[in-house]
Amino acid sequence: MRQLVIGTAFLAAACGGPQSTPAPAAPTAGQPSAAVQLGGPPTGVGTSTADTGEIKPADPTTFYKTPGYSPYAGRNYPERPYFGDEHVHTAWSVDAGGSGATLGPEEATRFARGDEVTSTSGQPVKLGQPLDWVAITDHSDMMGMISEIKGGNPEMMADPTIKRWREMFNGGPVEAKKAVMELVAAQANKKLPPIASDPRFAKSVWAKTTTIAEKYNEPGRFTAFIGYEWTSNAGGGDNLHRNIIYRDNKDKADRVLPFTTFQSENPEDLWKWMTEWEKTTGGKILAIPHNGNLSNGRMFALTTFSGDPLTKAWADARRRWEPLFEAIQMKGQSESHPSLSPTDDFAAYELWDRGNLTQTPKKPGMIAREYAREALKNGLRIEQDLGSNPFKFGMAGGTDTHNGLVAAEEDNFFAKFPSAEPRPDRWEEDAMNFGPNRIVKGWEMTAAGYTAVWATGNTRAELWDAMMRRETYATSGPRMIVRFFGGYDFTQADATRSPAVAGYAKGVPMGADLPAAPAGKAPTFLVAALKDRYSGNLDRIQIIKGWLGKDGMPQEKLYDVVWGDKDRRRIVNGKLTPVGNTVDVATATWTNTIGDPELVAVWKDPDFDPAVRAVYYARVLEIPTPRWTAYDAAYFKIKITDPKVPMTTQERAFTSPIWYSPQ
Amino acid sequence: MRKLLGEPMLHFLLIGLALFGAYRWVSPRASGGGRIVITQGILDDLVTQHVAARGREPSTSELHHLIESYVRDEILYREGVRLGLERDDLVVKRRVRQKIEMIAEEDAATRAPTEADLSAYLLANQARFARPAVFTFEQVFIGESQPGPAVVHVVTITGEALRRGVDPEGLGKPTLLPHRMTTTPADLVARDFGPVFAAALEQAPVGEWVGPIDSSFGAHYVRVSDRTPAAAPQLAAVRDQVVREWENERRQRARNDAYTKMRGEYQVSIEATRATEGR
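Note that the structure is predicted; figures quoted are calculated from it, not measured.

Rules used in this analysis
Residues numbered from 1 in each chain as written. Chains lettered and ligands numbered in written order. Predicted model: local features only at pLDDT ≥ 70, side-chain atom pairs only at ≥ 80, totals over all residues. Helix = DSSP H or I, 4+ residues; strand = E, 2+ residues; numbered from the N terminus. Buried ≥ 20, exposed ≤ 12 C-beta atoms within 10 Å, placed from the backbone. Contact = placed C-beta atoms within 7 Å. Pairing = 2+ DSSP bridges. Axes fitted to C-alpha atoms, helices over the stretch in contact; angles between N-to-C directions. Parallel < 35°, antiparallel > 145°, perpendicular 65-115°, else oblique. Left-handed = near helix turned anticlockwise from the far one by under 90°. Nonpolar A, V, L, I, M, F, W, Y, C, P; charged D, E, K, R; others polar. Core = buried A, V, L, I, M, F, W, Y, C linked by C-beta atoms within 7 Å. pLDDT = per-residue confidence, 0-100. Expected span 1.5 Å × (residues − 1).

Peer 1: Before we go on, may I ask you to explain the overall build of chain B in this structure?
Peer 2: From N to C terminus, chain B includes 11 helices and 4 strands. Within chain B, the fraction of its 279 residues that count as buried is 20%. Within chain B, counting contacts between residues at least 6 apart in sequence, those at least 24 apart form 66% of the total.

Peer 1: Please clarify how the overall build of chain A should be interpreted in this entry.
Peer 2: Regarding its fold elements, chain A presents 15 helices and 28 strands. Counting only residues that meet the buried cut, chain A has 57% of its 663 residues in that class. The contacts of chain A with a sequence gap of at least 6 include a subset with a gap of at least 24, amounting to 76%.

Peer 1: Just checking my understanding: could you explain the sheet that holds strand β1 (residues 134–143) of chain B for this structure?
Peer 2: Residue and element names in this part refer to chain B. In spatial order, the strands read β2-β1-β4-β3; together these 4 strands make up an open sheet with antiparallel pairing. Because the sheet does not close on itself, it has two edges, and the strands there are β2 (180–185) and β3 (209–214). Averaged over all adjacent pairs, the angle separating strand axes in this sheet is 35°, with direction ignored. Across 4 bridges, β3 lies against strand β4 (residues 219–228) in antiparallel orientation.

Peer 1: Hey, could you run me through the sheet that holds strand β10 (residues 332–333) of chain A in this one?
Peer 2: Each strand in a sheet pairs with its neighbour through backbone hydrogen bonds, running either in the same direction (parallel) or in the opposite one (antiparallel). Residues and elements named next belong to chain A. Strand order in the open sheet formed by 3 strands is β10-β9-β11, and the pairing between neighbours is mixed. Only two strands of the sheet have a single partner each, and these edge strands are β10 and β11 (394–397). Pairing of strand β9 (residues 324–329) with β11 involves 4 bridges; the strand directions are parallel. Paired with L324 across the strands is G394, a residue of β11.

Peer 1: Looking at this model, I keep getting lost on the environment of S215(B). Mind explaining?
Peer 2: Mapped onto the elements of the fold, S215(B) is located in the loop between β3 and β4. Once the C-alpha coordinates of S215(B) and K261(B) are considered, the two residues, 46 residues apart in sequence, prove to be 52 Å apart.

Peer 1: Help me understand unusual backbone geometry in this model?
Peer 2: Trans peptide bonds make up most of the peptide bonds, and negative phi angles are found at most residues other than glycine. For the bond from A448(A) to G449(A), the omega torsion is -10°, close enough to zero to count as cis. With respect to the helices and strands, the residue G449(A) is situated in the loop between β13 (439–441) and β14 (450–455). A cis geometry characterises the amide bond from G211(B) onward to P212(B), with omega recorded as -5°. Looking at the secondary structure, you find P212(B) in strand β3. With phi around 55°, N291(A) is a residue other than glycine that occupies positive phi space. Here N291(A) shows up in the loop between β8 (285–289) and α11 (312–321). Among the residues examined, N291(A) registers 26 C-beta atoms within 10 Å and is labelled buried. You will see that D565(A), though not glycine, has its phi angle at about 55°, which is positive. Here D565(A) falls in the partly exposed class, since 17 other C-beta atoms lie within 10 Å of it.

Peer 1: What is the right way to look at the packing of helix α9 (residues 186–193) of chain B against helix α10 (residues 195–203) of chain B in this model?
Peer 2: Packed helices, taken two at a time, are described by the angle between their axes plus the distance between the axes. All names here are of chain B. Where α9 contacts α10, the axes come no closer than 7 Å and their chain directions differ by 135°. For the element pair α9 / α10, the angle class is oblique. Relative to α10, the crossing made by α9 is right-handed. Packed against α9, whose contacting residues are A186, V189, A190 and F193, the element α10 presents P195, F197, A198 and L201 at the interface. Residues that form the contact of α9 with α10 fall into these classes: 8 nonpolar, no polar and no charged.

Peer 1: Got a minute to help me understand the pairing of β14(A) in this structure?
Peer 2: Within a regular strand, side chains alternate between the sheet's two faces. All names here are of chain A. Among the 6 residues of β14, 6 are classified as buried, and the element is accordingly described as predominantly covered. Covered by surrounding structure in β14 are Y450, A452 and W454 together with T451, V453 and A455, the residues of both alternating faces. Where strand β1 (residues 80–88) and β14 come together, 5 bridges link them in antiparallel fashion. For R80, the partnering residue across the bridge sits in β14 and is A455. As judged from the 4 bridges shared by β14 and strand β15 (residues 472–475), these two strands associate in the antiparallel manner. Looking at the pairing, T451 lines up with A474 of β15.

Peer 1: When you look at the environment of A431(A) in this model, what are you seeing that I'm missing?
Peer 2: All names here are of chain A. Locating A431 in the fold gives a position in strand β12 (residues 430–433). Its 23 C-beta neighbours within 10 Å are what place A431 among the buried residues. C-alpha of A431 to C-alpha of A420: the two residues are 11 residues apart in sequence and 7.6 Å apart in space. For A431, the contacting residues outside a window of four places in its chain are A420, V440, K441, G442, E444 and M445.

Peer 1: Quick question: what am I supposed to make of the nonpolar core here?
Peer 2: Soluble globular proteins tend to bury their nonpolar side chains together. Residue and element names in this part refer to chain A. I245, F525 and A529 are the most contacted members of the largest nonpolar core, which has 169 residues in total. Counting residues per element, this core draws most heavily on strand β24 (residues 614–622), at 7 residues. Setting aside its immediate chain neighbours within four residues, A529 contacts M480, I481, V482, L538, I541, E598, L599 and V620.

Peer 1: Sorry if this is basic, but what is going on with the confidence of the model for chain A here?
Peer 2: Regions with low pLDDT carry predicted coordinates that are not meant to be interpreted in detail. All names here are of chain A. Mean pLDDT over chain A: 84, with 81% of residues reaching 70 or higher. In this model, residues 63–67 is a region of pLDDT below 50 whose contacts with residues beyond four sequence positions or in other chains number 12 contacts. The low-confidence segment residues 144–152 (pLDDT under 50) makes 33 contacts with residues lying over four places distant or belonging to another chain.

Peer 1: So what exactly am I meant to see when it comes to the confidence of the model for chain B here?
Peer 2: Residue and element names in this part refer to chain B. Chain-level statistics for chain B give a pLDDT mean of 82 and a share of 84% at 70 or above. Taken element by element, chain B is modelled with least confidence in helix α1 (residues 2–5), mean pLDDT 48, and with most confidence in helix α6 (residues 115–124), mean pLDDT 95. Confidence drops under a pLDDT of 50 for residues 1–5, and excluding neighbours within four residues, the segment shows 2 contacts in the predicted structure. Across the interfaces of the predicted complex, the ipTM metric reaches 0.76, alongside a pTM of 0.82.

Peer 1: Help me understand the pairing of β1(B), please; the structure alone is not making it clear to me.
Peer 2: Residues and elements named next belong to chain B. Counting buried positions along β1 yields 8 of 10 residues, so the element is predominantly enclosed. The pairing of β1 with β2 spans 4 bridges and is antiparallel. In the strand pairing of β2, F135 is matched with T184. In the sheet, β1 pairs with β4 via 9 bridges, with the strands oriented antiparallel.

Peer 1: What should I look at first to understand helix α3 (residues 105–112) of chain A in this one?
Peer 2: Two residues of an α-helix separated by three or four positions point the same way, owing to the 3.6 residues in each turn. Judged by how many residues are buried, α3(A) sits mostly within the fold: 8 of 8 residues are covered. For α3(A), the full list of buried residues reads P105(A), E106(A), E107(A), A108(A), T109(A), R110(A), F111(A) and A112(A). Looking at the packing, one finds that the buried side of α3(A) touches β1, β2 (117–118), β4 (133–136), α7 (205–216) and β5 (223–230) of chain A together with α11 (235–264) of chain B.

Peer 1: I tried to follow the environment of P105(A) on my own but got confused; where do I start?
Peer 2: Residues and elements named next belong to chain A. Residue placement: P105 occurs in helix α3. Given 27 C-beta atoms within 10 Å, P105 falls into the buried group. Along the primary structure P105 and A452 are separated by 347 residues, whereas in three dimensions their C-alpha atoms are 22 Å apart.

Peer 1: Is there a simple way to explain helix α12 (residues 372–386) of chain A in this structure?
Peer 2: Residue and element names in this part refer to chain A. Look at α12: 20 Å from first C-alpha to last across 15 residues, which is about the 21 Å you get at 1.5 Å a residue. With 11 of 15 residues buried, α12 is to be regarded as a mostly interior element. Along α12, the residues classified as buried are A372, R373, E374, A375, L376, K377, N378, G379, L380, I382 and E383. Buried residues along α12 sit against α11, β9, β19 (538–548), β20 (554–563) and β24. G387 sits one or two residues past α12 and shows a positive phi near 80°.

Written out as C-alpha cells, the structure reads:
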C-alpha cells in the first residue's frame, strides 16, 4: 500500500509522460439529446421578488442605490452565500483512478449535493450539510481514456452510411460540410446508424463529464459547473495548477477539448488558450490557481514563467483570467506564512512549507512568492510600477480531493486519496513520500476547504459572475456567513439588522475597489460574521491591511476589530487576549460557552494616507474546536501522543480584498 | 534484515533488476521487430485530436511531431508489453478496469426509460421525489432563545410592535440571516435556519406575525405570506430527476452485474494463509 502511495503521488506530481491520445470528440457519437438548459435564469431563491432581472457582471454598485418607499424594491443584491467546492478529482483523474479511486464524476456530484455514497474503501459516507454547488475538475492531462475509438475503425466502416460520410469528410471542405449537416440531421431525427451509438465508439471522457454536469445542474437548487484542472508542474513539481471553470453549458464546452500540459506548462499559453476559447465559442471561462505553498517560489513570482520581467500586458492577462486564488485546501493553506507575517499569531496554521509538490526542498526567498497576502501587497507595487495589478484576486477554497469525496468536515474527513480514507493508522503513515526528508505525514493533511459565493441566485451564470467580480470568501470548512463592505461613510448605526442594506448602499462589497477618497475622509469598513450553526462560536474578526510604504516597499498590519466575550477580553500590549479553549481532546467535543455566535462592527482605518495604495481583507476566526486527528483518535480509540500533531484547530474564513488606489 | 526483506520497495528493485537482465538477454532477438503503419485512419485521428484541443489544423511541423510521438508511444508501448511490463502494474490494471466498467455502464445507457419504467420508479421512491412545501416569509431575529425575564420582555415587546404594524426593519437584533425568503422550498429554508424552523413554518398561520419560533441560531418572529403545502410528486413535474435517478441506478447495477457475470466464469482459489486480528 505504501508503494502505491508513492507511485500515485508521483503521478499527481508529474502527470507527465508521453502524449496521451485523447479520444476524438467523435462526431458520430451518440450525443445525448437530453434537454440542455441554456444560461439558466436567475432563480429568485433567497432573493426578493422585487427584481429578478439579471445583474450585469462586475457591477455590484448597482445593487442598491436608490432607497424608495418600499424597502424591498431594488433589493436585488446577493442575500445569501452559496457554498461549494471548485476543486474535485474523481476516478477519472489519472492519478486518482491509478490510486484506486472508484468514484467517478457522477458519484462525486451526487455526494456533493448531499446523497449518501459508498467510498472507495467501502465505507458509507454522506456530507453533514449538502453543498450548493460543485465543479468537478479532473486533470485534463490523459483525460481521453477510451482511446480505441479510431476514425478508420473497420467495424465502423462496415456501415455504408458512416463509410460514405467518412469519404465526404475527406473529400474537401464543401463535401465535409455537407456530411456534417447530414450527420446533425440524422442525430436530431434519431436516425444515426446503430453502430454510431455503440458504446465502444461512444464519447470522449470530456463529453461524458459534461453530460454528467448537465444532468445534475438544477438551477436554483444545485449548480454543477463544467470544469477541469490544468496541471502544470514546471521544473518537476513546482505547482502552477489552475482549475478552469465554465460559465456555459455542454454545447459550448464540448466544442474544444481541455488544454493540457502536453501542449504547454506555461500559464501564459493557458491564458492564450482561454482567449481563443472565448473567441471560438462565445462563452466565458475563468481560472483559479492553487497551492502557491507548493510552487517553490513560482506562483506569485515577480518575473514571467520564462524569467523575463513582468509587463503590463502580462499583468492585465493574469488579472483578467484569474480573478480568484484557492487559498486553502487539503494540502495546506496559502494565505499567510509566519516568516512573512511575524506579528500574525494565526499564520502558523496548516502549513505545508517544506517543499514543492514532489517535496523538492525550498530555498531561502521562495516562500515570499507563494502566499496570497504577500502577493496582494506585491500587486500594489507592480501596479505602481507598471500601471496594472496582476495579483488582484479574490479568495477561494477547495478540497482537491482525489477520491471524489468533498468531505472537508473535521468529523467527516475522507482525505485526499483512497488510501487515506478513515483508518486508525492514517495519521502516522506517509501521505506523500518522495524519499528521505521529502515526506509529508498523514496528520498534516488539512480538512479544508470551501468557497462561499455571494451570488444573486444559485445558477451557473450567477455564481460565475460573482466569482468574476470576486464577491467570494474562502473557508477552512465551516459555513460561516461573512459580509465585508468598504466605503467612506459607514457608522456604528450601520451595524444594523441587515448590514447588506447599508453595505451596498454606502459602499462596495468584498472583491471591489473603493472609489476616490473624499477630502479628509478615511475608508470605513462594515464587517459581520455569523457562525456555522454546527460549528464553533466566533473568536474574532480581523482586518488585514497591506500598503506601500514611503520607500515603495509593501507593508502589512493586522487589526482585531471585533471579538466575542467582549466583557472579559482586553487588549494587552497591543494583542487581544485569547478566547480560551473548551476542547476535550479525549472525547473530541467542545462547548460553545466562549466566543459569540455573531459579530458585527464598523472599523475605520486609523492610519490612512490617501496618497498610498492599499488593500484590505477580513479574516474570521472560530474558537478552538477538535481537529480531524482528534475525531480519529476518539473514534478509533488510538493514542496520538506525537506532540507535533495538532489535535485542535481554529477554523477560519478569509474574504476577498477591497482595494484602494489614489486617483 | 527481516523487515528489509519484507519491504515492497526492495521487491520492486529486485524485479526491476531481473527484468533489466532479462531484457539484455532477450533483446537482440526479441526487439527491432514489427512494422508500424500510419494508416489514413490513424493520421486523421491524430489530426482530429489536434483540432479538438487547439481549435485549428496542425501545421506541417506539428503534424510531423504528432506522427513522431505516436510512433514513439507505439514502439515503447509494444516493447513494454513484450516484456510483460503491463502485467503487474496497478495503474495499468485500474485504467483497464475503468474502461471495461465504463463500457458496461454505457451498455446500460443505450436503453431509454419508458413511461412505465418511470412511473414504476416514481411509485417505488415516492419520498425521494416528494415536493417540499414552498414558503415566502419574513423573519425578525430576537436572539438567543434561553428563557429569562429579559428575553421574555423583548419577545413580548417585539411581538406587539409587529402586530401593530411597525416596520420590521427597525426591530430585532442584527443578523446575517436572510430577513426574507421568497418561494423557497422547505429543505433550502432548513439549510439556512435548521430543520426545526422549517418544520414550524409548515404550521404557522399565513399573513400573521407569530413567535417566538426557534432556529439553530435563536428565536425569531415570523410572518409567512405565502405557502404551498408539500405534495406527492407528479411525474410531469419531476420527470428529469426521475430519469436521472433511474439511469443512475441502472448504470450502477449494470456495472455490478457485468462483474458478477464475469466473476462467475472464474474460479478463484486462495492458496495462502495469513493471521489477522480484529474484525
